[in-house]
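Chain by chain, the residues run as shown.
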Amino acid sequence: MRTTSSITVGRAAELGRLGSALAAARQRSGRAVFLLGEAGIGKSRLAGECAYQAYGLGLPVLRGRGSSTGTVTPFRPLIEALSSRFRAAGPPTDAELDPYRPALARLVPEWRGAAASAAGAGAYPETVVELAEALLRLLAVLGRDAGCVLLLEDLHDTDAETVAVLEYLVDNLAGLPVLLVGTLRAEPGPALDLVRAAERRRAAAVTELRPLPPADVRAMAAAVLESDAADVPAAVLETLADRADGSPYLIEELLADMLAGGALHRAGGRWEVAGGLRTGVPSTIVRSWGRRIDQLDPPVRDLLLTAATLGSRFSVATVQLITGYDDRTLFSHLRSASEANVIVPDGAAPDRYAFRHTLTAAAVTAALAPAERAAVARRAARAILRADPELADERRQLVASLLLAGGDRTGAAVHFAEAGRRVLEAGAAGSAVVLLERAHELAGDAERAAVTEQLLPALAEAGQLDRAFELVRTLPPVRPEPAAARAAAVRGPATDRRVDLHTRLAWAAVMAERAAEAAAQVAAARALSGAHPRPEQDAALVVVEGHLALLPDHAPAVPTAPEGGATAAGAPGDEHPGRARLARTEALARRAAEVAERSGLPVVACQAWQLLALLARERGFDDADACLERMLAVAEAHALPVWRVEALLRLGANAFMRTGDGARLERAREAAAGLGAIVLTQTLDGLLAMNAVLRGEWRTAREIVDRCLDATARLNNVPAHRYLLLGSATLAAHRGRGREMERELVRFRQAGGEESFLMPLRHGLCRAIGALLAEDRAGARAELAAGLAWEQEHPNVFYLAGRHGLHPLLEVAEGHWQRPDLTRAMAAPATELAWNRQFLGFAEAVLLGREGRPRDAARAVDEASAAAAPFPLAHHLALRLTAEAALADGWGDPVGWLRTAEEYFHEAAIQPVAAACRALLRRAGASVAQHRGGRDAVPAGLRSCGVTLREYEVLALLTDRPGNQQLARTLSISPRTVEKHVANLLAKTGRPDRAALCDLAAELCAGP
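In this report, the structure presented in the accompanying data block is examined. (Residues numbered from 1 in each chain as written. Predicted model: local features only at pLDDT ≥ 70, side-chain atom pairs only at ≥ 80, totals over all residues. Heavy atoms only, no water.)

This part takes up the environment of Arg28. Looking at where Arg28 falls in the secondary structure, it is placed in the loop between helix 1 (12-26) and strand 1 (31-36). A C-alpha to C-alpha distance of 4.8 Å links Arg28 and Leu176, two positions 148 residues apart in sequence. Contact partners of Arg28, with chain neighbours within four places excluded, come to Arg144, Gly175, Leu176 and Pro177. (Helix = DSSP H or I, 4+ residues; strand = E, 2+ residues; numbered from the N terminus. Contact = heavy atoms within 4.5 Å.)

Here the focus is the pattern of salt bridges. One pass over the structure, following the stated rule, counts 62 salt bridges. For Asp496, the salt bridge identified is with Arg534, shortest N-O distance 2.9 Å. Of this pair, Asp496 sits in helix 24 (residues 493-511) while Arg534 sits in the loop between helix 25 (515-529) and helix 26 (535-548), and the two are 38 residues apart along the sequence. Between Arg961 and Asp999 there is a salt bridge whose closest N-O contact spans 2.7 Å. (Salt bridge = Lys/Arg side-chain N within 4 Å of Asp/Glu carboxyl O.)

With that settled, the discussion passes to the packing of aromatic side chains. On inspection of all chains with the given rule, the structure shows 9 aromatic pairs. Arranged with centres 5.2 Å apart and planes meeting at 85°, the rings of Trp835 and Phe871 form a pair that is edge-to-face. Taken together, the positions of Trp835 in helix 40 (residues 834-850) and Phe871 in the loop between helix 41 (854-867) and helix 42 (872-889) put the pair 36 residues apart, joining distant regions of the chain. The two residues Trp835 and Phe871 agree in class, both being buried. An aromatic cluster is present here, built from Phe656, Trp835, Phe839 and Phe871 joined pairwise through their rings. (Phe/Tyr/Trp six-rings, centres within 6.5 Å; stacked < 30°, edge-to-face > 60°. Buried < 20%, exposed > 50% of the residue type's maximum accessible area, 1.4 Å probe, protein only.)

Turning our attention to the pairing of strand 7 (residues 270-273). Pairing analysis gives 4 bridges linking strand 6 (residues 264-267) to strand 7, with the strands arranged antiparallel. Following the sheet pairing, Arg266 is matched in strand 7 by Trp271. (Pairing = 2+ DSSP bridges.)

Moving on: the nonpolar core. In this structure, Leu304, Phe314, Ile343, Phe355 and Phe905 are the most contacted members of the largest nonpolar core, which totals 209 residues. With 11 residues, helix 28 (residues 602-616) is the single largest residue contributor to this core. Other than its neighbours up to four places away in sequence, Leu304 contacts Ile293, Leu296, Ala337, Val342, Ile343, Phe355 and Val364. One finds Phe34, Ala81, Ala103 and Ala204 within the second-largest nonpolar core, a separate group that totals 48 residues. (Core = buried A, V, L, I, M, F, W, Y, C linked by side-chain atoms within 4.5 Å.)

Everything listed here is a matter of coordinates, which is why it stays silent on function.
Here you go:
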């Protein structure tokens, strides 16, 4: 079948520019356009499309190309272009061309006889400029009626004379009906110099063709295979993406090779893959590069063969290590190879070169016999090892690949394993897994256990726990220690390695909330370490056991997520029976942190400080932050980037809970994303989504959940996935969408959420808020009670789940709590958190009003409202509850508070609360504003800025420059609401102050 694409893919912008240039030429606005790019990138295809469009419009097209044989023929592209037009039709007979015929005869052999008889033999132009002017005149005549196109390809292979003519044409096309299109590679030479100079003086447009992106690769493959894009096998697309570098030519060649070799075939109307797709190099590519390499001097050829064994990119230093060339000789050979267009300088590093395509190096080596390729690889590996025995990471991987190419599987396994170990130490677990899996595959029976022990922690850190737990069971048992050694607590290195391995796997299981696997790994480590473990091993196990005790199905438990922590449980004054155990855990963890730092175990120290930060919250967040700051210092001192992000994450979470500001969480996410720590990034995304919910930034929360939810499921990041599901349910609850909340909670339950430590949030932050927004106060109290009961069985609690904020407010508002109850509740450290502080402030106001202290109560409302500023929904919900109590007890400004709350809930489309506010206003004898439609009354310019109807009503009244009190009376809203609308108008319209806002109102009033 045909193995070329029948359509041009991924070049819509370039085709558009050529189409515009064609249209301009037809309007006598001539110009030059150059298509620049590497071989096979699609320059000729675009040029052909341009010619096709021109033919369709009736434009003459003159087409030629530079020489590809290496011979020099003056004016060859121009001769070919003119011959393509006039060979059959004969020379033009226009009289205005008569003075130029002798010059044109140099380009069109058929004209030479007539020119010689008219001007005499040998009367050719003496300068290139004269020839260039003659060509320009000819093109103008050809394009007189509809325009014309001069299309010249492969100008990098053209002669100096042609370049000189082109320079003249480029500078003189303006005002003529001529489009000049040239194609060339970005190779140093006269043609590229001409193009760049013309671009700088804006005499020509230069379009540099880039590799096709993945979507266009898929579309092109579909076009070649004459099928739908969805029917192209994924393995084919992966191979094309990996090996074609987005080059249309290589895509076609690779597909042709797959089809010719039978690796890709059609069966039952669908394309199927048979066998591997990554073996071999297309024969056409091999032959092409083979011919080019054979034309080079033998030393240059040998240099390229050596470089090709290193891959598609190589460093000058490495090649010099292998070849032993001095600088002068080496760079002379590299220059020759570069001039032959086999290699190019790598723009990413000055000391590196790259082959023209990723397949070029493979094509070069494919021309060698297998034995010769293996010999070259072995020789290169030995040279590198001899010159650099220590081997930096990149060279170690290179040596491993060379040894494998040379047939030494065992040696390759050793070096791949060591490279993987080093990469894992640097925090790149995913890359470490790739290297160590390769080592595991290559290792012999004698080495496989050692490689497995290195691979297991990499798998754990990369989140591939199922694979890790499966693989750990394949390890042979450790040979028992002699009885004397056990008695003396002297163990061999094999036992120590295995203890450390089980400890690391236990930690990974704890972090994934897989308590059973974690307990099994701890038990295995304790069994091997015996009754007298080494202090540093014991410290590591103590930390893991401490975190394990915090999991909900490993009672008693405390949360491991950033919002969680140990606290008193039950009703005010209750003591939790696990408090003594938690205190003992904290003492052991602090001792473990000291041992770890003293023993040079920074990772264990970070784990210990992380645990201590959780436990320290019992005393307050200052102590918790101090532990996290110590964790951050250890991570930075020992260059532990993942642990640094862990510390930043938890410090950010604490900062948000204390202030409502998520800026530190955003910075932590940037650090995690920059590190490539996917699991941590997803954890931070979940926190940011929940924080956006609490701040009323619902669109942001929805975007984060939608973007991240499927990714966490694919990665099997269960904690983050559950948290995002709960965040989605909480978002629905906070928007008053009860049915949507219940649907999301079903998904949360299906993901195991009801067996996790997230249950307090499910009750208090999600369902209780949802019940209050449905005006179901009894249901809200029942949900909060269920959350408290859950915490009675599990001493872990999320501090924002209601116990320390919403629960006290409801109990006070309902009259169930008195002053002593609230005083005890406010003694907990969690009351300093912004989300809780707002509710407690309103609870204090209700009690003060009930105690007959109206001024203090009103002042408490003002203070609580200031604390509630970051949380608009919670703020207005608290206003609604407080206003009801204020009406009953006769204090404060309940009418103003109710109007503010009613307007907020009406605009948020949470009608049950808005209706309750209106009912309370009527009970108070106050007027109730009627909400109208008419959003279209807001001018389009203001609507696009987000101005609401009510804000526009405020703006329209500003023409007379009234004060807030007057506006409030006119609109039947509170002065504080007026102030909010004015602030919103300033922000949305970009006006600097109220006076400018009044001017805007006057402009709108005077407008049509």
